[in-house]
Amino acid sequence: MFSSALKSFSSNISSNYTLSPQPISTSGPWKIHDAKKKSTGKAASVFIFEKKSLESQGGSLGSRANAASLKKVQEEVIERLKKEASSLARLRHPSILELVEPVEETRNGGLMFATEPVTAALAGLLQEKDDQEKGSGVGGRTSRYVIEESDGKGRRRREIEIDELEIQKGLLQIGKGLEFLHESAGLVHGNLTPDAIFINAKSDWKISGLGFSGPPDNSTTATSVAPISLSEVLNYDPRLPRFVQLDLDYASPDFVLDTNVTSAADMFSLGLLIIALYNSPHRSPLEVNGSLSAYKRKFSSSSSAPTQTNNFLSSQALPRDVASGLLPRLVTRRPAQRLSAREFQQAQYFDNILVSTIRFLDSLPAKTPNEKSQFMRGLPRILNQFPKSVLEKKVLPALLEETKDRELLSLVLQNVFKIIATLPSGKRPFTEKVIPRLREVFLSNSNKGAALERDSLKEAGLMVLLENMQTVAENSSGKEFKDDILPIIHHALDSPTHSLVDTSLKSLPVILPVLDFSTVKNELFPVIATVFSKTSSMVTKICGLEALQTLCGGSPDRNTPQGDGLDGMGSLESSKPKHTNISILDKYTVQEKVVPLLKAIKTKEPAVMMAALEVFKEVGKIADSDFLAMDVLPILWQFSLGPLLDLQKFQAFMTLIKSLSSRIEQEQTRKLQELSSSNTAAAARSNDFMTSAAIGGTNGTETANGEEADFETLVRSGQPLSSPSANIVNDPWAAATASSSTTLPSRPSNPRTRSQNASPAPAFSWSTPPPSSPAPRSNPLATRPNASRTITPDNTLSAFAPLTPSTTTTGMNATSASSYSQPLQPSRPGMGMSMSSMSVLSPTNNTQNQSSSFNWSAAVAPASSTSNVWAQPSMSSLQSQNHTQTSSPFAIAPPPKVPYSNYGIAPPPSAPASGRPGMGMSGVLTGGERSNLSTGQMQGQAQGQAQAQGQKQGLDKYESLL
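In this text the structure is predicted, and so the values were computed from the model without any measurement. (Residues numbered from 1 in each chain as written. Predicted model: local features only at pLDDT ≥ 70, side-chain atom pairs only at ≥ 80, totals over all residues. Heavy atoms only, no water.)

Q: Give a description of the sheet that holds strand β11 (residues 205-207) that names residues and reports values.
A: Here we have 3 strands laid out as an open sheet, ordered β7-β10-β11, and antiparallel in their pairing. Sheet topology places β7 (118-121) and β11 at the edges, where each strand pairs with a single neighbour. Sheet twist, expressed as the average angle between the axes of neighbouring strands with direction ignored, equals 35°. Sheet strands in contact with helix α6 (residues 164-185) are β10 (197-200) and β11, and its direction is about 30° off that of β11. (Pairing = 2+ DSSP bridges. Helix = DSSP H or I, 4+ residues; strand = E, 2+ residues; numbered from the N terminus. Axes fitted to C-alpha atoms, helices over the stretch in contact; angles between N-to-C directions. Contact = heavy atoms within 4.5 Å.)

Q: Pulling in residues and values, what's your account of the packing of helix α26 (residues 587-599) against helix α28 (residues 625-640)?
A: Contact geometry for α26 and α28: axes closest at 11 Å, N-to-C directions at 20°. Classified by the interaxial angle, the pair formed by α26 and α28 is roughly parallel. Crossing handedness for the pair α26 and α28: left-handed. Contacts from Q591, V595, L598 and K599 in α26 reach F627, I635 and F639 in α28. Residues that form the contact of α26 with α28 fall into these classes: 5 nonpolar, 1 polar and 1 charged. (Parallel < 35°, antiparallel > 145°, perpendicular 65-115°, else oblique. Left-handed = near helix turned anticlockwise from the far one by under 90°. Nonpolar A, V, L, I, M, F, W, Y, C, P; charged D, E, K, R; others polar.)

Q: Could you give me a rundown of the layout of surface pockets, with the residues and numbers involved?
A: Approximately 870 Å³ is the volume found for the second largest pocket. Along the wall of the second largest pocket there are 40 residues; nearest its centre are G28, T193, D195, F243 and D247. If you list the elements that add at least two residues to the lining of the second largest pocket, you get β2 (25-27), α4 (64-90) and α5 (122-136). Considering each element in turn, the lining of the second largest pocket owes the most residues, 5 residues, to α5. (1 Å grid on protein atoms, 1.4 Å probe; cavity = no way out; pocket = protein on both sides within 12 Å on 5 of 7 lines; lining within 4 Å. Points joined across faces, edges and corners; volume = space filled by probe spheres on them.)

Q: Can you explain the packing of helix α14 (residues 369-378) against helix α16 (residues 409-422)? Please cite residues and give values.
A: Two elements in contact, α14 and α16, have axes separated by 9 Å at closest approach and are oriented at 30°. Taken together, α14 and α16 sit at an angle that is classed as roughly parallel. Between α14 and α16 lies a crossing of left-handed hand. Seen from α14, the contacting residues are S373, M376 and R377; seen from α16, they are L411, V412 and N415. Of the residues belonging to the contact of α14 with α16, the class tally is 3 nonpolar, 2 polar and 1 charged.

Q: Which residues make up the pairing of strand β6 (residues 111-115), and what values do they have?
A: Burial analysis of β6 places 5 of its 5 residues in the buried class, the great majority of the element. Judged by which residues are buried, β6 turns out to be covered on both faces: L111, F113 and T115 on one side and M112 and A114 on the other are all buried. For strand β5 (residues 99-105) and β6, the ladder comprises 4 bridges, and the chain directions are antiparallel. Each bridged residue has a counterpart across the sheet, and for L99 the counterpart in β6 is T115. With antiparallel pairing between neighbouring strands as the criterion, β5 and β6 make up a hairpin whose turn holds 5 residues, including G109 at a positive phi of roughly 90°. (Buried < 20%, exposed > 50% of the residue type's maximum accessible area, 1.4 Å probe, protein only.)

Q: Please give an account of the side chain of T357 that cites residues and values.
A: Here T357 shows up in helix α13 (residues 353-362). When neighbours within four sequence positions are excluded, T357 is seen to be in contact with F375, L379, I382 and F386.

Q: Give me the lowdown on the pattern of salt bridges, citing residues and values where you can.
A: In the structure shown here, the tally under the stated rule is 31 salt bridges. Of the charged contacts, one joins E116 and K206 as a salt bridge, the two residues approaching to 3.4 Å between their closest N and O atoms. Taken as a pair, E116 in the loop between β6 and β7 and K206 in strand β11 lie far apart in primary sequence, 90 residues in all. For E116, a relative accessible area of 10% puts it in the buried group. With a closest N to O distance of 2.8 Å, R342 and E183 form a salt bridge. With R342 in helix α12 (residues 341-345) and E183 in helix α6, the pair connects residues that are 159 residues apart, well separated along the chain. Three or more residues joined by partner-sharing salt bridges are found here, namely K176, D204, D362 and K394. (Salt bridge = Lys/Arg side-chain N within 4 Å of Asp/Glu carboxyl O.)

Q: Just give me the short version of the side chain of T403, but keep the residues and values in it.
A: Take T403: it is sitting in the loop between α15 (388-401) and α16. On the basis of relative accessibility, which here comes to 4%, the residue T403 falls in the buried class. In terms of polar contacts, T403 uses its side chain to reach the backbone carbonyl oxygen of L400, at 2.6 Å. Not counting residues within four places of it along the chain, the set of residues in contact with T403 comprises L409, V412, R437 and V441. (Polar contact = N/O pair within 3.5 Å; in protein donor to acceptor, adjacent residues only side chain to side chain.)

Q: Residues and numbers for the packing of aromatic side chains, please.
A: Counted by the stated rule, this structure contains 11 aromatic pairs. Residues W30 and F49 carry aromatic rings whose centres are separated by 6.1 Å and whose planes lie at 65° to one another, so their mutual orientation is edge-to-face. In this pair, W30 is assigned in strand β3 (residues 30-37) and F49 in strand β4 (residues 43-49), connecting sequence segments 19 residues apart. Taking 4.9 Å as the distance between ring centres and 80° as the angle between the ring planes, the aromatic pair formed by W30 and F113 counts as edge-to-face. (Phe/Tyr/Trp six-rings, centres within 6.5 Å; stacked < 30°, edge-to-face > 60°.)

Q: Report on the pairing of β10, specifying residues and quantitative values.
A: On β10, burial covers both faces: I197 and I199 on one face and F198 and N200 on the other are all buried. With 3 bridges joining them, β10 and β11 adopt antiparallel strand pairing. The residue bridging I199 from the neighbouring strand is W205, located in β11. Joining the antiparallel neighbours β10 and β11 is a turn of 4 residues, in which S203 adopts a positive phi near 70°.

Q: Tell me about the environment of N191, and name the residues and values.
A: Inspection of the secondary structure puts N191 in the loop between α6 and β10. With 22 residues separating them in the primary sequence, N191 and S213 have C-alpha atoms 7.4 Å apart. When neighbours within four sequence positions are excluded, N191 is seen to be in contact with A196, F212, Q245, L246 and D247. A distance of 3.5 Å separates the side chain of N191 from the backbone nitrogen of D247, its partner in a polar contact.

Q: Explain the nonpolar core to me, using residue names and the numbers behind them.
A: If you look at the biggest cluster of nonpolar residues, it comprises 196 residues, and the most contacted ones within it are L171, L270, I274, V395, F481, L545 and L636. At 11 residues, the largest contribution of residues to this core is made by helix α9 (residues 264-278). The contacts of L545, once residues within four sequence positions are left out, are F532, L598, I601, V608, A611, A612 and V615. Of all hydrophobic cores here, the second largest spans 8 residues; its members include A44, V46, I48 and A114. (Core = buried A, V, L, I, M, F, W, Y, C linked by side-chain atoms within 4.5 Å.)

Q: Go over the environment of L246, please, and point to the residues and values.
A: Tracing the backbone shows L246 in the loop between α7 (230-233) and α8 (253-256). Residues L246 and Y236, spaced 10 residues apart in sequence, show a C-alpha to C-alpha distance of 8.0 Å.

Interpretation note: all reported values are geometric properties and have no functional meaning in isolation.
Shown next, in the form of structure tokens:
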């Protein structure tokens, strides 16, 4: 019950329409709001009158009588306003404002009704022009102002223009409306002012403000409208606003001076309205501020009344056709001399091609098909002469209404796209008006399950759309294009008409910049691939290849003459420009989807082959080199050997094949070079590690930080080796490590331990191995030059430091002993041991015994020497390898050179231990044993050293023997 009571207080318009928060315009007592119907979303305009606008005018009248009188007058005003809305409900004409919702009373006593969408009232438009001309002069910029959307969610800029054609078109429409009122409705408007004329969304001028309308005097036409009471409407009431009273500035002298109500009075008011359109400011030449006496004074003299002699009291020069042909027949004191509404429309003022075109458009539904067709064919020649506002608001909507006629569809769309391309702001009308109509025409039956019948008339219109795809893409966003235009393109690609399919494929360079990558890959490319694989038309096949070229990033150039236009030879000299902002296919799709399509081509026609060649050029820029080698090049070779290709086309294929092969070769070479360099670095690191492990890591002399110990310093200082004796025994090269700058040659990996059999005679560590030992390996380094040297004992040998044999010789490799087949083995009388004569190793590693034998017992030093030099040799007592003495009667060959060191041969393993007194197990005197020698023994050694003087002594440094 409460809800039903609440509904009674709310109007039908308020509950069914969404209104803009602010009015877009005002007209007299009415505030005009944009609105949308909630159920349908259809636009409308809601006129609202607030009763409080009347109360504010009578606040100064305090008496009770005046208050009651004012209330009565206000009620009369409200009734007159209701009459205005109800009159619109009874009158239906293209030039009369259309009523869509009847008048309703609001809670506060106001009024409300809804009409067709209107842009503004003519009075508001003229006020805009006045404000504009004050700032920038006459003929300034276009009037533009921002209004709120009806749903309150945004604001938009509304464009208003008044130019010569707009005025002519509007006045012509007003003349048609007056003709309808005078002849058909039998009414006189009575208050034709700029506030009574509205401009709708199509830029049509509409008549409203019928609150003072009524039948003329002596009318015989039956009507329910009460006649005008001039005695009431002519008396100005200061208690009421002027906008609810009769406007004397546009009133006819028939009303004011003659008190006659005739249809000619509206024509006089129309004349004053025309003067206001050209005047500056845009007002009537009769400005009397509602005073009857002032109005009468105006017409008391011909000089003060508007006439042709005084330019109709206009401050601006009037057009010649207006001043000489139109106004003298309208603004005249005598009603009989005035034009009727019908005659007004036939005036010379309206005789021009543009106005005639507008008039033809207004009556287009009544024309014959032949007249319509001729009109549509000739319209493009004059479209550029129309003002932009007329094209957008008048011509374009009229043309779109004719798209329902399938026979005119292609002609209409040609004019539509020409208009969109002409408009500076064509995106908005295209989105709001054209796209919905295109979907309605081409996709209205696309969802039906049954196959559509082929419609040649619709296909002709679709062809026009495809040919103007550039205009479509420029005036639509990506989302609008994807949602509304792309389905139409799919519809064209599915058409059985080859020309439609070909045109759709050729429009791809225009389509791609608008769409995103996902749409191109998942929605557009599969359709194109299907068409390309299934078509039996060679032209469609070539267009499909050009489309694939575009999808791969290419740009087909059909304007450059290239023989048959399809051989692609032009691209070999110069690269084609590429679209930098288009979405092209990714590498995976190109390799897995595009190339198989090309491979499946059966025809060998030269045009198809050359079009495929252009696609392969783009594929070569995207695909991997191994894919090119394994998949693309075999296809190219197969295509290049086609039987129908001439020399020029074959050379084009060979150019691409060589180019791709060169790219593959370069990339593969680069890969292998990088791999080789990485392998070399790895091998170098491995060799460094192995060298360190072989020399430093196994000889027991590597320190904690990886640096080799200075063996010479170790030996000279007499300090024992830091490594365990077990390691020395196992490593035959431990004692052969030279200085830090010496690198040893490679040696056998199996060290030979010394023989455990005791020898009956003592021998040095470099003695000839026993016969049971394996034959020594031949040393290839022995063949090097200067491998054999003569060594002469130094006469100053006694000056060298005593030589103390090291215990490291106990684990020498037996192989090193092969360097000397018969080392020096002197017989030492003092030690009870005999040594065999020394033998020298020849450069060819053949052992040769020296014929001379060395008498060690006679080789004693001078009396001043206290030590046996040969029993205690020192490292520093050896001569360099290049020192020789030619006077030596015998020579001892040194060990052969190795590539990495001048002293690279370790001493041979020690001889079996002898049981002679005073000697160690190795047969070499140690420091402790040397100190225990008897005096006789030392004297015998000194004598042997003296006898050895003059012999050859050029031995190398001891470290070379170690």
